[in-house]
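Geometric and topological summary
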Amino acid sequence: MRIARFSIDGNVGFGVVEGDELDVIKGHPFAEFERSGQKVPLDKIRLLPPVLPNKVVAIGRNYAEHAAELGNAVPDVPVTFFKPSTSVIGPGDPIAYPSFSQEVHHEAELAVVIGRMCREVPRERVKDVILGYTCANDITARDVQQREKQWARAKGFDSSCPLGPWVETDLAPADIAEGLTIQCTVNGEQRQLGRTSDMLRPIEDLIVHITEAMTLLPGDVILTGTPAGVGPLNVGDEVAVTIEGIGTLTNKVIKRG
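As a starting point, this report considers the structure included with it.

Each value, and the rule that gives it
Residues numbered from 1 in each chain as written. Predicted model: local features only at pLDDT ≥ 70, side-chain atom pairs only at ≥ 80, totals over all residues. Heavy atoms only, no water. Helix = DSSP H or I, 4+ residues; strand = E, 2+ residues; numbered from the N terminus. Rg over C-alpha atoms; globule rule 2.2 N^0.38 Å. Buried < 20%, exposed > 50% of the residue type's maximum accessible area, 1.4 Å probe, protein only. Salt bridge = Lys/Arg side-chain N within 4 Å of Asp/Glu carboxyl O. Polar contact = N/O pair within 3.5 Å; in protein donor to acceptor, adjacent residues only side chain to side chain. Contact = heavy atoms within 4.5 Å. Pairing = 2+ DSSP bridges.

We now examine the overall build of the protein chain. When you go through the protein chain residue by residue, the secondary structure sums to five helices and 20 strands. Here the protein chain has a C-alpha radius of gyration of 17 Å; the compact-globule value for 257 residues is 18 Å, and the two agree. Dimensions along the principal axes, computed over C-alpha positions, put the protein chain at roughly 55 × 45 × 30 Å. Residue burial in the protein chain is summarised as follows: out of 257 residues, 54% are buried.

What follows is the structure, encoded as structure tokens:
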């Protein structure tokens, strides 16, 4: 099912998306819940980031062609970094172009949403800790990333982590390994086109690696890397990330006020 987080008349909740309607649920998706039967048209609500993560753990250089296009070697172990919770925005929210950068790039990515607290997860239990998957855009100040040894400012600035439009729960790591299409367009022009089967390290390996070091909490998000084709964004651009079987996440770039 597709689980969305939404706002209507100042109230925030979760619901199951079916067609052009949302069925409001009682409770939250990280435990057993019931459908309320209260259905609302999608065009009457505002979709919010599907989760509010305690942390976003991102994986760099997980597609060989993307590593090559930036002149980087394929790493021996996964490259991990964090994006703070304050970087997260939802579908339709603006990406504010940071004042300290002159080269901001899009990076379309599959995001994994964690469904329960977990640590030291064995490979055979990975599927049990995943709530589902959503679209992400790892917005990056490329000039800052190349200039500074740490990536915190380059990838962690406000609005640098669009997520959405909802969490798709009817996918499994095996579906990801088989290959879902990831596409990024800017103003309707295709920039990135790849498949999740091209990831160097699959979902199972990433979660085992991350949870060896840290506890993941319900709602935490893992970004799994981007395929080749990353490129610049400018103020006024509309960028869209589409992942097969999930949906499309669209945001517009604005000047930071």
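A few words on the pattern of salt bridges. The full count for this structure, using the stated rule, is twelve salt bridges. Its salt-bridge partner being Lys83, residue Asp138 comes within 2.6 Å of it at the nearest N-O pair. Taken as a pair, Asp138 in the loop between strand S12 (130-137) and strand S13 (140-141) and Lys83 in strand S7 (residues 79-83) lie far apart in primary sequence, 55 residues in all. Between Glu148 and Arg153 there is a salt bridge; the shortest N-O distance is 2.6 Å. Of the residues examined, Glu148 reaches a relative accessible area of 24% and is grouped as partly exposed. On the basis of relative accessibility, which here comes to 40%, the residue Arg153 falls in the partly exposed class.

With respect to the helices and strands, the residue Ser160 is situated in the loop between helix H3 (152-156) and strand S14 (161-168). Looking at Ser160, its side chain comes within polar contact range of the main-chain oxygen of Phe157, at 2.7 Å. Sequence-distant contacts of Ser160, defined by excluding residues within four places in its chain, comprise Lys83, Ser87, Asn137, Asp138, Ile139 and Lys155.

Now for the sheet that holds S13. Pairing within the open sheet is antiparallel, and its three strands lie in the order S13-S10-S18. The outermost strands of the open sheet, each flanked by one partner alone, are S13 and strand S18 (231-233). Direction of pairing for strand S10 (residues 104-106) relative to S18: antiparallel, over a ladder of three bridges. Bridge pairing in S18 links His105 to Pro232.

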